Amino acid sequence: MINWKVAEELLNVYGSPLYVYDAQILRQTIEHITKAIPYPRKQFHFASVTNGNVTLLKIFRDAGWGLHANTPGDVYLGLQAGFEPSQIVYSGSNLSCAEMEQVLKWGVKTLNLDSLPQLQLCCEVFNSTQIQTPLHLGLRLNLPKITGDSRIGLPPEEFPTAITLANKAGLKLSGLHFYRGTGTNATTAFTEVIDTVLAIGKQLPDWQYLDFGGGFGYPYRHGGAAFDWELFGTELTQRINRLGREVNLVIEPGRAAIAGCATLYARVVSVKWQENKQIVGVDTTVANISVPSVHGGYREIITNTPSSIPHSQIYKTDVCGNTTYSRDYLGKNCQLPALKIGDIIGILDVGAYGYAMSSHFLHRPKPAEVLLLADKQHRLIRKGEDYSVLLSNQVFGVM
Ligand SMILES: Cc1ncc(COP(=O)(O)O)c(C=O)c1O
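Rules and cut-offs
- Residues numbered from 1 in each chain as written.
- Predicted model: local features only at pLDDT ≥ 70, side-chain atom pairs only at ≥ 80, totals over all residues.
- Helix = DSSP H or I, 4+ residues; strand = E, 2+ residues; numbered from the N terminus.
- Rg over C-alpha atoms; globule rule 2.2 N^0.38 Å.
- Buried ≥ 20, exposed ≤ 12 C-beta atoms within 10 Å, placed from the backbone.
- Contact = placed C-beta atoms within 7 Å.
- Pairing = 2+ DSSP bridges.
- Axes fitted to C-alpha atoms, helices over the stretch in contact; angles between N-to-C directions.
- Parallel < 35°, antiparallel > 145°, perpendicular 65-115°, else oblique.
- Left-handed = near helix turned anticlockwise from the far one by under 90°.
- Nonpolar A, V, L, I, M, F, W, Y, C, P; charged D, E, K, R; others polar.
- Near = placed C-beta within 6 Å.
- Core = buried A, V, L, I, M, F, W, Y, C linked by C-beta atoms within 7 Å.
- Domains from an automatic or database assignment.
- Right-handed = clockwise from strand over helix to strand, strands pointing away.

Engineer: Could you give me a rundown of the overall build of the protein chain, with the residues and numbers involved?
Structural biologist: Helices and strands together make up the secondary structure of the protein chain, namely 13 helices and 17 strands. Here the C-alpha atoms of the protein chain give a radius of gyration of 23 Å, agreeing with the 21 Å that 2.2 N^0.38 yields for 399 residues. When burial is assessed residue by residue, the protein chain has 40% of its 399 residues classed as buried. Relative to all contacts within the protein chain whose residues are 6 or more apart in sequence, the contacts with residues 24 or more apart total 72%.

Dropping the structure here:
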């Protein structure tokens, strides 16, 4: 439930547009996910590809979660947030030799590799850097029958070669990594494949851990299909228990953990009508939240107008960014009351792939990020940019 008085205050203090994260909602979501999986040998790792704000990462760390890194940049941010290297699981793709060296030098010990060449590179770097403690190496599974066509991962047929390769380097392949696909709300899409994945894991002679993703959905359409964490957690626990061996479980939710705690607020700067359709211009762009327009996802948009407005005064509305870029829509065909300049809109559930995917496309500085605390206090957790950012790293005077 949005407190519009607080939203108004925050926009006055920090400017508009503004990303606002609710710490209480984030902590409640973390707790809900954590409790939903009764399996004892489990560890959650927040997938920071979705959100790299260090203050938010610290909330995950304080809740006992580790970090899941998709890139060396994720590792870097995780270390800044105070995660121990041993609390970071890397599962990415296509690292250069220098990047692999960097990740190992930072002390990351658990790496899920997604191809034979990446595994080979990891083994070579491990041996050349003379790191003393062994790595926990896992393989990212590529299973088109389940996940559809994917460029990422190895098919089980390549596992024997991978095992030989790791053994030659004095390492063991102890992990299996499975990623169902992002944003899946159908719980059965996960539960139906558990046994298949476990059967493949058993083919690894030194199998110690199962990393089951990643990919859990978030109900952006409120009241619509939602991922059932309790069902998933119970089924997964039962199936692993049936294995009769002690397998450690890694779960690395991104979107599901952080999407719902954030709102992007913006102010209405223009209203016009095209026949019966309201065209609302706001002071943000798709560059600040590229998901709905560029990637086609839905985000609910609400306004600070009274909730008692009769249905007859609700209009089909396009919410548009403040540029002429043809895809600069924050929402199309929304059902909103007549708005006026100065009103506030809130784009809900933007905690995942929101700020993290924002860019300087359209040459507008990025908004600030603010953390709302339980007692309505607020803290700036990332400054808003000014126009000077558009010049950063540009080299002048060469012509
Ligand atoms: C290996 C891996 N794990 C976890 C995630 C997070 O995914 P999601 O936000 O769908 O949970 C990603 C996203 O790219 C990923 O590649």
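Engineer: Describe the sheet that holds strand 9 (residues 248-251), listing the residues and the values that go with them.
Structural biologist: What the 8 strands build is a closed barrel, ordered 2-3-4-5-6-7-8-9; its pairing is parallel. When the angles between neighbouring strand axes are averaged without regard to direction, this sheet yields 25°.

Engineer: Just give me the short version of the packing of helix 5 (residues 97-105) against helix 6 (residues 116-128), but keep the residues and values in it.
Structural biologist: Running from N to C, helix 5 and helix 6 cross one another at 60°; their axes reach a closest spacing of 10 Å. Judged by the inter-axis angle, helix 5 sits oblique to helix 6. Every pair of crossing elements has a handedness; the one defined by helix 5 and helix 6 is right-handed. Contacts between helix 5 and helix 6 involve Cys 97, Met 100, Glu 101 and Leu 104 on the former and, on the latter, Leu 121, Cys 122, Val 125 and Phe 126. Taken together, the residues of the contact of helix 5 with helix 6 sort by class into 7 nonpolar, no polar and 1 charged.

Engineer: How would you explain the site of the ligand if you had to name every residue and give the values?
Structural biologist: Around the ligand there are 19 residues in total, and Ala 47, Thr 182, Gly 214, Gly 254 and Arg 255 lie nearest to it. For the shell around the ligand, a count of residues per class yields 7 nonpolar, 10 polar and 2 charged.

Engineer: Please set out the environment of Asn 248 residue by residue, giving values where relevant.
Structural biologist: Relative to the assigned elements, Asn 248 resides in strand 9. Residues Asn 248 and Trp 229, 19 residues apart in the sequence, show an inter-C-alpha distance of 19 Å. Aside from chain neighbours lying at most four places away, what touches Asn 248 is Arg 41, Gln 208 and Tyr 209.

Engineer: Can you explain unusual backbone geometry? Please cite residues and give values.
Structural biologist: Cis peptide bonds are those with omega within 30 degrees of zero, and the linkage from Ser 16 to Pro 17 qualifies with 0°. Within the secondary structure layout, Pro 17 lies in the loop between helix 1 (4-14) and strand 1 (18-22). Positive phi is not limited to glycine here, since Asn 94 has a value of about 60°. Take Asn 94: it is sitting in the loop between strand 4 (88-91) and helix 5. Assessed through the 12 C-beta atoms surrounding it within 10 Å, Asn 94 is described here as exposed. Not every positive phi belongs to a glycine, and Lys 376 is a case in point at roughly 65°.

Engineer: Please provide a residue-by-residue account of the nonpolar core, values included.
Structural biologist: Ranked by internal contacts, the top residues of the largest apolar core, which has 100 residues, are Tyr 19, Val 20, Tyr 21, Cys 122 and Val 370. The residue makeup of this core includes at least three contributed by each of domain 1 (4-20 + 260-384) and domain 2 (84-253). With residues near it in sequence (within four places) discarded, Val 20 still touches Leu 10, Ala 262, Thr 263, Tyr 265, Val 370 and Leu 372.

Engineer: Tell me about the domain arrangement of the protein chain, and please be specific about residues and values.
Structural biologist: As assigned here, the protein chain comprises domain 1 (4-20 + 260-384) and domain 2 (84-253). Contact with domain 1, which involves 6 residues of that partner, is made by 4 residues of domain 2. Looking at the side of domain 1 that touches domain 2 residue by residue, the class counts come to 1 nonpolar, 2 polar and 3 charged.

Engineer: Lay out the pairing of strand 2 (residues 42-47) in plain terms, naming residues and giving numbers.
Structural biologist: Where strand 2 and strand 9 come together, 3 bridges link them in parallel fashion. Each residue of the ladder has a partner; that of Gln 43, found in strand 9, is Val 250. Two strands pair when backbone bridges link them, and strand 2 and strand 3 (residues 66-69) are joined in this way by 3 bridges, in the parallel orientation. When the sheet's bridge partners are listed, His 45 is paired in strand 3 with Gly 66. Viewed along the sheet, the connection from strand 2 through helix 3 (residues 54-62) into strand 3 turns out right-handed.

Engineer: Any details on the pairing of strand 1? Residues and values, ideally.
Structural biologist: The buried fraction of strand 1 amounts to 5 of the 5 residues, a majority that puts the element mostly inside the structure. Inspection of the sheet shows strand 1 paired to strand 16 (residues 368-372) by 5 bridges, in the parallel sense. Counterpart to Tyr 19 in the pairing with strand 16 is Glu 369. With 4 bridges connecting them, strand 1 and strand 10 (residues 262-274) associate as antiparallel partners. Its bridge partner lying in strand 10, Leu 18 is registered against Tyr 265.

Engineer: Hey, could you go over the packing of helix 6 against helix 8 (residues 159-168) for me, with residue numbers and the actual values?
Structural biologist: Between helix 6 and helix 8, the least distance of the axes is 10 Å, while the angle of their chain directions is 10°. Taken together, the axes of helix 6 and helix 8 lie roughly parallel to each other. Contacts from Leu 116, Leu 119, Gln 120 and Cys 123 of helix 6 reach helix 8 at Thr 161, Ala 162, Leu 165 and Ala 166. Tallied by class, residues from the contact of helix 6 with helix 8 come to 6 nonpolar, 2 polar and no charged.

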